[in-house]
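# Structure at a glance
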Amino acid sequence: MKNIKLFINGMHCVNCANSIKQAALKQGALTANVDFINKFGEFSVDDDFDSEKLIFAIKKLGFEVSLDKIKAKNTYEGTRLVFLAIFSVLTFIDFGFFISCLIASFAILLSYDFYKRVIFHKSYGMDLLVVLGISINYFYSFFSVHHHFFFESTFVCFVIRLGKFIENKAKAKANSLIAPSEIPNITLASGEIKKANEININDELIIKNGEEILVDGICLNDTLINESVISGESVSLIKKAGDFIYAGSINDGEVLKMRASCEYYESSLEKLKDEAMKASNKELKAFKMVDKISRYFVLIICIIASITGISWYFIDSSKVFFYVSSVLLISCPCALGLAIPMVIAICINLCFKEKIILKNPELISSIKDIECFIFDKTGTLTSDIQAIKHNLSYDDFRLIASIENLQNHPIAKSITNNFNDFLALNGKSYLQDNVLHYEDESVKVRIEPLENDLMCYKNDGFIGKITLENELNKNAKELIEFLKSLGKRIIIISGDSKNKVEDLAKKLNIDEYYYRVSPVQKAEIISQLGVSSVFVGDGANDIKALRKANFGISFSKANAIAKNKADALLLENDLIKIKKLFEIFDKSYSKIKQNLFISFFYNFFGIALACGIFSEINLHLNPALCAMLMSISSLIVVFNSLLLFKELKS
């Protein structure tokens, strides 16, 4: 099985995404996830699947498709809007039937894309309602004796397109932190300036002081690099010629000359952004319900419009087309379809700004209901780099440090910190019952944890010990106090010694803790809790626990598999970011509920008015006003979502 990622332009709402999903599944895709806000789709297919067949099927629906990110084309939308505004004014003034008909015809020609998607590409979402509304008003004008409706037809073309224009600008704002609209420039060593996405592997680049590095590469001269975006390390690091540097880093030294080792979209930073964007493609449970409603929305509206037409035929036949077109034009599946995805996109961007990669948006609605937070000790509640003391000879310490240098555990990093004289080892190392073993042809080494010490043995003889000093992680105490204020149950589960875990638990005022626990036992303890839980950890020994808990939080410095299993990644080793998650998620979930209320209330009350139910008290809406309200409803949802930026900034 393989995954295909396609970038898709031209999607307006959830119905567009659904039509692409259905087309992909018909072509043989195993799964299809389409994100209409971020404009891409991911498809799981068999290894022998022909991607060109899928691309053709999506293009047939009227969308622009590419394997690379699509640069927005100049569609002269502003000019088109100006003409439609002028046409609307002219038909409102009414220069007579013939001239008004001619102007309305030109307006419809400028809106040909709505008709194209419905007639040729079978797009039966919002486009169908707009086309029916415009056409009914236009053609009914030829048969109406007292009044023609060319203004309504023209104004609908203008106001729908204006609404979509503003909405697209707002969507771009929602995603601006992860997917900026402009690709930055980069200077080659030759002095030529190119767009970053035009850089090729092995191109030599010039990065000035304070500039961001846009592609991964190799240093060609010594400099200072700030890698905080990727590693969370706030201190600038000395990089020498031949060292690897990551995209997203900042050059804090003199002019840097580097050689690109990948293309722009394959860089470390772009991969992080992709991780974040993938989250918006995952559906909340609430979205599944909204998605089902959206699928049948247009059919339901057409049935309501038909019932309205039949009813008014017997009440007052002269008003049939007036009320039918009003129902078609006021109904807005887009407001409903945008209610959740828009908030998720903004939430993901806000998390990215706080150096958090949200991989599972289900956390947004669930985190407040989590009953238990479970923490690993080393590298999570304590600093990943701890102070050490030892009584080993230099040669023995060099051997132990060289063995630990093969590991990715925080204790190993503490031992190897500031030590560079490693041996070239060709034996094998393995972990068994919390004891690290190393064997080659000439030596056997065993490193056993005992209370606060690591007892070191070479060829079964004791050679000395390394003492580790617990240091609390940044803001660990503040986070624990915050979680306690919310009434959360807090547990430490560690493979470390009783004394170390007890000492840490006392420092943090945590009553429940487990020590000398194996990776399998960690998962068993979580399973036996019987409550919803979040596990926070970073090591290979935390993988089973991350899988077993309802949700997992890890760090960018963590083991690769641990990062893959986590639902959120902290790019900085700062636990207060978890408190920030609560703040972002709380406000985001409130926005989702507000948007759903606005969407359902608008459609229910708006359709009731458009049907003419309250016409006895002279309360009804004409088609032009209905079209305006249709656009406004989507914009209200969009701008209500955008308020998240302001609310979380204050």
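Residues numbered from 1 in each chain as written. Predicted model: local features only at pLDDT ≥ 70, side-chain atom pairs only at ≥ 80, totals over all residues. Heavy atoms only, no water.

## Here's the deal with the sheet that holds strand β10 (residues 237–239)
Pairing within the open sheet is antiparallel, and its 3 strands lie in the order β10-β9-β12. For this open sheet the edge positions go to β10 and β12 (250–251), each flanked by a neighbour on one side alone. (Pairing = 2+ DSSP bridges. Helix = DSSP H or I, 4+ residues; strand = E, 2+ residues; numbered from the N terminus.)

## Brief notes about the packing of aromatic side chains
In total, this model carries 23 aromatic pairs according to the counting rule given. Both rings, one in Tyr313 and one in Phe314, keep their centres 5.4 Å apart while their planes meet at 85°; by these two values the pair is edge-to-face. Phe314 matches Tyr313 in its accessibility class, with the two residues each being exposed. Between Tyr394 and Phe419, the aromatic rings sit 6.1 Å apart at their centres with planes inclined by 50°, giving tilted as the arrangement. Pair noted here: Tyr394 is in helix α16 (residues 394–404) and Phe419 is in the loop between α17 (410–416) and β17 (428–432), with a separation of 25 residues, a long-range link. Each residue in the set Phe97, Tyr138, Phe139, Phe142 and Phe150 is aromatic and connected to the rest through ring pairs, giving one cluster. Just above the ring of Phe40 sits the side chain of Lys5; from NZ or CZ to the centre is 4.8 Å. One residue, Arg446, lies across the ring of Tyr457, its end atom 4.3 Å from the ring centre. (Phe/Tyr/Trp six-rings, centres within 6.5 Å; stacked < 30°, edge-to-face > 60°. Buried < 20%, exposed > 50% of the residue type's maximum accessible area, 1.4 Å probe, protein only. Lys NZ or Arg CZ within 6 Å of the ring centre and 35° of its normal.)

## Notes on the pattern of salt bridges
Pairing is possible between side chains that carry opposite charge, provided their charged atoms lie close to one another. Summed over all chains, the structure comprises 19 salt bridges. For Asp369, the salt bridge identified is with Lys368, shortest N-O distance 3.5 Å. Residue Lys368 is classed as partly exposed on the basis of its relative accessible area of 40%. In this structure, Asp460 and Arg446 form a salt bridge, with 3.4 Å as the shortest nitrogen-oxygen distance. Here Asp460 is found in the loop between β20 (453–458) and β21 (461–469), whereas its partner Arg446 is found in strand β19 (residues 444–450), with 14 residues between them in sequence. What emerges from the salt-bridge pattern is a single network uniting Glu354, Lys355, Glu572 and Lys577. (Salt bridge = Lys/Arg side-chain N within 4 Å of Asp/Glu carboxyl O.)

## Comments concerning the packing of helix α13 (residues 341–353) against helix α23 (residues 576–610)
Closest axis-to-axis distance for the α13/α23 pair is 10 Å, and the angle between their directions is 165°. Comparing their axes, α23 and α13 come out roughly antiparallel. Crossing hand, α13 versus α23: right-handed. Contact residues: Val343, Cys347, Leu350 and Cys351 in α13; Leu581, Ile584, Phe585, Ser588, Lys591, Ile592 and Asn595 in α23. Of the residues in the contact of α13 with α23, the class split is 8 nonpolar, 2 polar and 1 charged. (Axes fitted to C-alpha atoms, helices over the stretch in contact; angles between N-to-C directions. Parallel < 35°, antiparallel > 145°, perpendicular 65-115°, else oblique. Left-handed = near helix turned anticlockwise from the far one by under 90°. Contact = heavy atoms within 4.5 Å. Nonpolar A, V, L, I, M, F, W, Y, C, P; charged D, E, K, R; others polar.)

## What about the confidence of the model for the protein chain?
For the protein chain, the average pLDDT comes to 83, and 90% of its residues sit at 70 or higher. Per-element mean pLDDT across the protein chain ranges from 64 in helix α8 (residues 228–231) up to 94 in strand β15 (residues 372–375). (pLDDT = per-residue confidence, 0-100.)

## Looking at the side chain of His437
Here His437 shows up in strand β18 (residues 435–439). The exposure class assigned to His437 is buried, which follows from its relative accessible area of 16%. Setting aside residues up to four positions removed in sequence, His437 forms contacts with Lys428, Ser429, Tyr430, Gln432, Val445 and Arg446.

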